[in-house]
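Results of the structural survey
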Amino acid sequence: MVPFFGWLAAILMAGGLYWGFFETPDRLSDQKEYYRIIYIHVGAAWMSMWLYVVMAAWALAGLVFQTRLSFMIAKAVAPTGAIATFLALWTGAFWGKTSWGTWWDWDPRMTSELILLFLYMGYMALQSAIDDPRRADRAASLLALVGLVCVPIIFWSINCPDPNECAALHQTSNPGGGNMEPNILIAMLVTAFAFWMYSFAAILMRVRNIILERERHTTWVNELLEEKG
Amino acid sequence: MSAISDFFHAGGYGFYIWASYGAAILLMAGEIAIIKQQYRTILKRLSRMARMNASEEDE
């Protein structure tokens, strides 16, 4: 499964970026060529929110059903999610610098995304601070679930229902109803999907490490080791 | 040659675009490299432990 998702990610990313750079106009409404940051920014921002939901869902499953694998998957999601969040902020800053003239603003969207990054980091810190893996899993999962309130806040701070109520700098993201050029939209969706595939590959690879580490006393791990030499 | 430099210049916005893409490539490639490195380390360590256990049983 890992090579499958890895190759899919690479092919989609290459195709999406080719399309995004060579088959699209140089402008996106009033924005000039710098709008091409969109192909990373949107994918990373979507992943940052979705991966948090995925992580919290596995954490909840682990707490409810007491399954070890759920906790391991939740733990494996966190670093990839944190990277996606950081990239969303980083690319957003560069985009903001060119289009708004500032790297950073305490706009609701950016502030809540920053809090999301801290939640990921808090989750990982809590995991590694507690020696007993079972207690670490439970504590960190609880944190992940409490932090889940952040995701809808981010979502609505960018897709604001009434612009008069939330004076956000961030332009609305409305792929269907917006006036986005279709080729840009296609390239954006393809690259966003590539981010998904990349995340699957990275998370599966990491979960394999965690399983090996935690299940090292079981017979199947030992049999695997004998096979691999 | 000028087509390539035009491409990287990106209408004067090259710095912003490539700083974004560079960070993405760096972080994602780095993440994969770290995970692979961990995998090799774990396998090595665990197989060493397995060999130690096996040799203890022989004695």
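Residues numbered from 1 in each chain as written. Chains lettered and ligands numbered in written order. Predicted model: local features only at pLDDT ≥ 70, side-chain atom pairs only at ≥ 80, totals over all residues.

**Describing the overall build of chain B**
If you tally the helices and strands in chain B, you get two helices and zero strands. Residues counted as buried form 12% of the 59 residues belonging to chain B. (Helix = DSSP H or I, 4+ residues; strand = E, 2+ residues; numbered from the N terminus. Buried ≥ 20, exposed ≤ 12 C-beta atoms within 10 Å, placed from the backbone.)

**Side note on the overall build of chain A**
Helix and strand counts for chain A come out as eight helices and zero strands. Counted from the first residue to the last, chain A has its helices and strands arranged as α-α-α-α-α-α-α-α. Taking contacts inside chain A between residues at least 6 apart in sequence as the whole, the part at least 24 apart equals 76%. (Contact = placed C-beta atoms within 7 Å.)

**Side note on the interface of chain A and chain B**
In this assembly, 28 residues from chain A lie in contact with 22 residues from chain B. Looking at the side of chain A that touches chain B, the elements that each hand over two or more residues are helix 3 (68–99), helix 7 (182–214) and helix 8 (219–228) of chain A.

**As for the packing of helix 4 (residues 108–129) of chain A against helix 5 (residues 133–147) of chain A**
Residue and element names in this part refer to chain A. Running from N to C, helix 4 and helix 5 point in directions that differ by 170°, and their axes come no closer than 8 Å. One finds that helix 4 runs roughly antiparallel with respect to helix 5. The two elements helix 4 and helix 5 meet at a crossing, and its hand is right-handed. Contacts from Leu119, Gly122, Tyr123, Leu126 and Gln127 in helix 4 reach Ala136, Ala139, Ala140, Leu143, Ala144 and Gly147 in helix 5. (Axes fitted to C-alpha atoms, helices over the stretch in contact; angles between N-to-C directions. Parallel < 35°, antiparallel > 145°, perpendicular 65-115°, else oblique. Left-handed = near helix turned anticlockwise from the far one by under 90°.)

**Section: the confidence of the model for chain A**
Mean pLDDT over chain A: 78, with 83% of residues reaching 70 or higher. When pLDDT is averaged over each element of chain A, helix 2 (residues 38–65) of chain A comes out on top at 87 and helix 8 of chain A at the bottom at 72. (pLDDT = per-residue confidence, 0-100.)

**So, unusual backbone geometry**
With phi around 55°, glutamine 66 of chain A is a residue other than glycine that occupies positive phi space. The exposure class of glutamine 66 of chain A is exposed, given the 12 C-beta atoms found within 10 Å.

**Section: the environment of threonine 41 of chain B**
Here threonine 41 of chain B is to be found in helix 2 (residues 14–58). Once the C-alpha coordinates of threonine 41 of chain B and tryptophan 18 of chain B are considered, the two residues, 23 residues apart in sequence, prove to be 34 Å apart.

**Observations concerning helix 2 of chain A**
For an α-helix, the turn length of 3.6 residues means that residues three or four places apart are oriented alike. For helix 2 of chain A, with 28 residues, the first-to-last C-alpha span of 40 Å sits near the 40 Å given by 1.5 Å per residue. Positive phi appears at glutamine 66 of chain A, one or two residues downstream of helix 2 of chain A, with a value of about 55°. (Expected span 1.5 Å × (residues − 1).)

**Regarding the nonpolar core**
In this structure, Ile37, Ala44, Met55, Ala74, Val77 and Leu87 of chain A are the most contacted members of the largest nonpolar core, which totals 61 residues. For this core, the secondary-structure elements that each account for two or more residues are helix 1 (2–22), helix 2, helix 3, helix 4, helix 5, helix 6 (150–158) and helix 7 of chain A together with helix 2 of chain B. Those residues in contact with methionine 55 of chain A that sit more than four places away from it in its chain are Ala74, Val77, Ala78, Gly81 and Ala144 of chain A. (Core = buried A, V, L, I, M, F, W, Y, C linked by C-beta atoms within 7 Å.)

**Let's talk about the confidence of the model for chain B**
Mean pLDDT over chain B works out to 77, with 75% of the residues at or above the 70 mark. For this predicted complex, the interface confidence comes out at an ipTM of 0.70, alongside a pTM of 0.77.

**Side note on the packing of helix 4 of chain A against helix 6 of chain A**
Residue and element names in this part refer to chain A. At a minimum axis separation of 9 Å, helix 4 and helix 6 run at an interaxial angle of 155°. Our classification of the angle between helix 4 and helix 6 gives roughly antiparallel. The handedness of the crossing between helix 4 and helix 6 comes out as left-handed. Residues Pro108, Arg109, Ser112, Glu113, Ile115, Leu116 and Leu119 of helix 4 touch helix 6, and the partners they reach there are Cys150, Ile153, Ile154, Ser157 and Ile158.

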